[in-house]
Amino acid sequence: MKFPKRIKGLNNNIFEEINYKGVMDMFTNLKSGLVIMGNIKDKYTCAILDLLNRTAIKRNVKQIYFYDATYETKLGTIEDVRACKTLESKMDYYALVEKIGFKSNTLVKDTLIPKIELPLIFGIKYGSITGVLNPRYAKWMNQVFIPGEKEDQTIEFVSDLIDLIAKTDVSRDQLL
């Protein structure tokens, strides 16, 4: 699925689409950047997009890569990468989970591979993971909440995001 250039309530977005090969290329070719793995139809992904976009712009981030967790199969059906229905998709997903270093008690059905809950935001600096955020928030009146709880989590999310951006920033790096 393509990341729409215009999303209701999301102005001047800095998201750029990236596919599996592009993400893995960031690791193998020692690239840097922020990546959000999500799905534009996922309510938890949509709940944080605006806050993520605004925070990144304020921190002078030029782009955030959006890796859609769904893809179109050769037969034209839409699949989720985390479903691991084919051997190839299991191997690709496992390689991604290993590169990210993601750990979870929830496993992909019929495997021992940790299941990533969407959205997942991770930073890559020179091919290495700088940090991972797994913010599963609901949104109400421009505030984010953990589903089922009443306490606003906006400040905590923004703080964690700023920390991840700082760890991933390469603008001050210099060669000796």
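Here the residue numbering is sequential within each chain, running from 1 through the sequence in written order. With pLDDT at 70 or above as the cut-off, local features in this predicted model cover only qualifying residues; side-chain atom pairs require 80 or more to be listed or tallied, and sums for whole chains, interfaces and linings still use all residues. Just so you know, side-chain values use all the structure's heavy atoms and leave hydrogens and water out.

Points about the overall build of the protein
Alright, step 1. Secondary structure assignment for the protein yields four helices and nine strands.
Alright, step 2. The helix and strand labels rest on DSSP assignments: H or I over at least four residues marks a helix, E over at least two residues marks a strand, and numbering proceeds from the N terminus. When the helices and strands of the protein are read in sequence order from the N terminus, they spell out β-α-β-α-β-β-β-α-β-β-β-β-α.
Alright, step 3. Relative to the globule expectation of 16 Å for 176 residues, the C-alpha radius of gyration of the protein, 16 Å, shows essentially globular dimensions.
Alright, step 4. With respect to the three principal axes, the spread of C-alpha positions in the protein is 50 × 40 × 30 Å.
Alright, step 5. When burial is assessed residue by residue, the protein has 44% of its 176 residues classed as buried.
Alright, step 6. Partitioning the contacts of the protein with sequence separation of at least 6, the portion at a separation of at least 24 is 60%.
Alright, step 7. For the protein, the accessible area works out to roughly 10,900 Å², and carbon and sulfur atoms hold 52% of it.
Alright, step 8. A positive count includes Lys and Arg, and a negative count includes Asp and Glu. His and the chain ends are not counted in either. Charge placement uses NZ in Lys and CZ in Arg. For Asp and Glu, CG and CD serve respectively. Taking the 26 positively charged and 22 negatively charged side chains of the protein as two groups, their mean positions are separated by 3 Å. All radius of gyration figures rest on C-alpha atoms, and the globule criterion is 2.2 Å times the number of residues raised to 0.38. Three exposure classes are used, based on accessible area relative to the maximum for each residue type with a 1.4 Å probe and protein chains only: buried under 20%, partly exposed in between, and exposed over 50%. What makes two residues a contact is simply this: any of their non-hydrogen atoms within 4.5 Å. For every accessible area listed, the method is Shrake-Rupley and the probe measures 1.4 Å; residues are considered covered only by the protein chains on display.

Structural notes on the confidence of the model for the protein
Alright, step 1. Note: pLDDT gives the predictor's confidence per residue, expressed from 0 to 100. Mean pLDDT over the protein: 89, with 94% of residues reaching 70 or higher.
Alright, step 2. Mean pLDDT across the elements of the protein ranges from a minimum in strand β9 (residues 143-145), with 80, to a maximum in strand β6 (residues 120-125), with 97.

Re the nonpolar core
Alright, step 1. Among buried residues, those of type Ala, Val, Leu, Ile, Met, Phe, Trp, Tyr and Cys that are joined through side-chain atoms within 4.5 Å constitute a nonpolar core. Ranked by size, the top nonpolar core spans 25 residues in total, and within it Met37, Tyr67 and Phe122 carry the most contacts.
Alright, step 2. Among the elements that line this core, the one with the most residues is helix α1 (residues 20-28), at five residues.
Alright, step 3. Those residues in contact with Met37 that lie beyond four places of it in its chain are Tyr67, Ala69, Val81, Arg82, Leu96, Ile116, Leu118, Pro119, Leu120 and Phe122.
Alright, step 4. Formed by 22 residues, the second largest nonpolar core is a distinct cluster that contains Ile40, Leu51, Ala56 and Leu164.

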